[in-house]
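Below are the chains, spelled out letter by letter.
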Amino acid sequence: MKGNTVKSPISRRRMLKFGTGLVGAGVATASIGTSLKNPEPVIAGSAPLKPPAENITPNEAIKRLMDGNQRFVKNKLRHPNQDFARLQEVAKEQKPFAAILGCADSRVPAEIVFDQGLGDLFVCRVAGNVTTPEDIGSLEFGTAVLGAKVIMVLGHERCGAVAATIKGAAVPGRIGSLLDAIRPAAEQVKGQPGDPLENACKANIAYQIEQLKTSPVLSERIAAGTLQIVGGYYDLDEGQVSLVS
């Protein structure tokens, strides 16, 4: 009839469904709020938040990296610290547990291959994972100021910068500065048994570690037992990171 309003049962069901959704959203919001206080929360779509960097040792930091890489290799990723609660938490302050000096190669993104999240890793990436003054200064900041417990120099197989160094080909622009930084390592293993490129890639990792250890800021923290510098070699085909000295 004109002028009368008929209440639809469908509309009522929709209202009930909407109200239930609001209740669910409230529960989810409460869970996110709790996650910032509880080191082991359960948040949908994310693994538990990790303890802050100041609460772990260098050995524990290395283990956390390697455990994450094993999850990546086995396709059992947890995607920790990648939700909105973590975003809000690290917006206020960052305390990465590890620093990475990695190659700029697009196939070796540290947060992915180590299954880490926002605020977990302090990453410097440069072709050939070489130690420029800027990289050393950045890693001094990442450890002495931000508190990272380990620096991993992360090289990888078939590194183009190392291959170019071995070939000795002329290169344009400032690319040559990268090859100059790698050349001492390549010379150390020249003529040794095995694959020349793999030998040089691993020698370059070790060489860059030694360059980092010349930093008084880093060496003091190593001597105090609050920092370790290690090498990692990434297998492009398998995704595996192996520790190298």
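Residues numbered from 1 in each chain as written. Predicted model: local features only at pLDDT ≥ 70, side-chain atom pairs only at ≥ 80, totals over all residues. Heavy atoms only, no water.

Student: Can you tell me about the layout of surface pockets, naming the residues and giving the values?
Tutor: The computed volume of the second largest pocket comes to approximately 190 Å³. Surrounding the second largest pocket, T165, I166, R183, A186, E187, V189, K190, G191, Q192, P196, N199 and A200 form its lining. Among the secondary structure elements, those contributing two or more residues to the lining of the second largest pocket are helix 6 (160-167), helix 7 (175-188) and helix 8 (196-212). Of the residues in the lining of the second largest pocket, the class split is 5 nonpolar, 4 polar and 3 charged. (1 Å grid on protein atoms, 1.4 Å probe; cavity = no way out; pocket = protein on both sides within 12 Å on 5 of 7 lines; lining within 4 Å. Points joined across faces, edges and corners; volume = space filled by probe spheres on them. Helix = DSSP H or I, 4+ residues; strand = E, 2+ residues; numbered from the N terminus. Nonpolar A, V, L, I, M, F, W, Y, C, P; charged D, E, K, R; others polar.)

Student: Can you lay out the packing of helix 5 (residues 133-145) against helix 9 (residues 216-224) for me, pointing to particular residues and giving the numbers?
Tutor: Close contact between helix 5 and helix 9 brings their axes to 9 Å; oriented N to C, the two are set at 35 degrees. In the packing of helix 5 onto helix 9, the handedness of the crossing is left-handed. Contact with helix 5, carried on its side by L139, E140, T143 and A144, involves V217, L218 and R221 of helix 9 and no other residues of that element. Residue composition of the contact of helix 5 with helix 9, by class: 4 nonpolar, 1 polar and 2 charged. (Axes fitted to C-alpha atoms, helices over the stretch in contact; angles between N-to-C directions. Left-handed = near helix turned anticlockwise from the far one by under 90°. Contact = heavy atoms within 4.5 Å.)

Student: For unusual backbone geometry, give the residues involved together with the corresponding values.
Tutor: Positioned with a positive phi, N81 is a non-glycine residue whose angle comes to about 55 degrees. Locating N81 in the fold gives a position in the loop between helix 2 (58-73) and helix 3 (84-92). Overall, the relative accessible area of 0% leaves N81 in the buried class. Look at N129: it is not a glycine, yet its phi comes out positive at around 40 degrees. Positionally, N129 belongs in the loop between strand 2 (121-125) and helix 5. (Buried < 20%, exposed > 50% of the residue type's maximum accessible area, 1.4 Å probe, protein only.)

Student: Outline helix 2, supporting the account with residue identities and numerical values.
Tutor: The terminal C-alpha atoms of helix 2 lie 23 Å apart, and with 16 residues this matches the ideal 22 Å at 1.5 Å per residue to within 8%. Taken as a whole, helix 2 has its buried residues at P58, A61, I62, R64, L65, M66, G68, N69 and R71. Packing partners of the buried residues in helix 2 comprise strand 1 (98-102), helix 4 (110-113), strand 2, strand 3 (150-156), strand 4 (228-234) and strand 5 (241-244). Positive phi shows up at N75, right after helix 2, with a value of about 55 degrees. (Expected span 1.5 Å × (residues − 1).)

Student: Outline the sheet that holds strand 2, listing residues and values.
Tutor: Neighbouring strands of a sheet are bound in pairs by backbone hydrogen bonds; such pairs are parallel or else antiparallel. Taken in spatial order, the 5 strands line up as 2-1-3-4-5 in an open sheet, and their pairing is mixed. Every interior strand has two partners, whereas the edge strands, strand 2 and strand 5, have only one. Looking at each pair of strands side by side, their axes are set apart by 25 degrees on average, direction ignored. Where strand 4 meets strand 5, 4 bridges bridge the pair, whose relative direction is antiparallel. Bridge assignment links G231 to a residue of strand 5, and that residue is V244. (Pairing = 2+ DSSP bridges.)

Student: Give me the pattern of salt bridges: which residues, what numbers.
Tutor: Throughout the structure, instances matching the rule amount to 9 salt bridges. Across the pair R71 and D115 runs a salt bridge whose closest N-O atoms are separated by 2.6 Å. On the criterion of sequence distance, the pair formed by R71 in helix 2 and D115 in the loop between helix 4 and strand 2 is long-range, its members being 44 residues apart. By the burial criterion, R71 is buried, and D115 matches it. D180 is the salt-bridge partner of R183, the closest N and O atoms lying 2.6 Å from each other. (Salt bridge = Lys/Arg side-chain N within 4 Å of Asp/Glu carboxyl O.)

Purely geometric stuff here, so don't read any function into it on its own.
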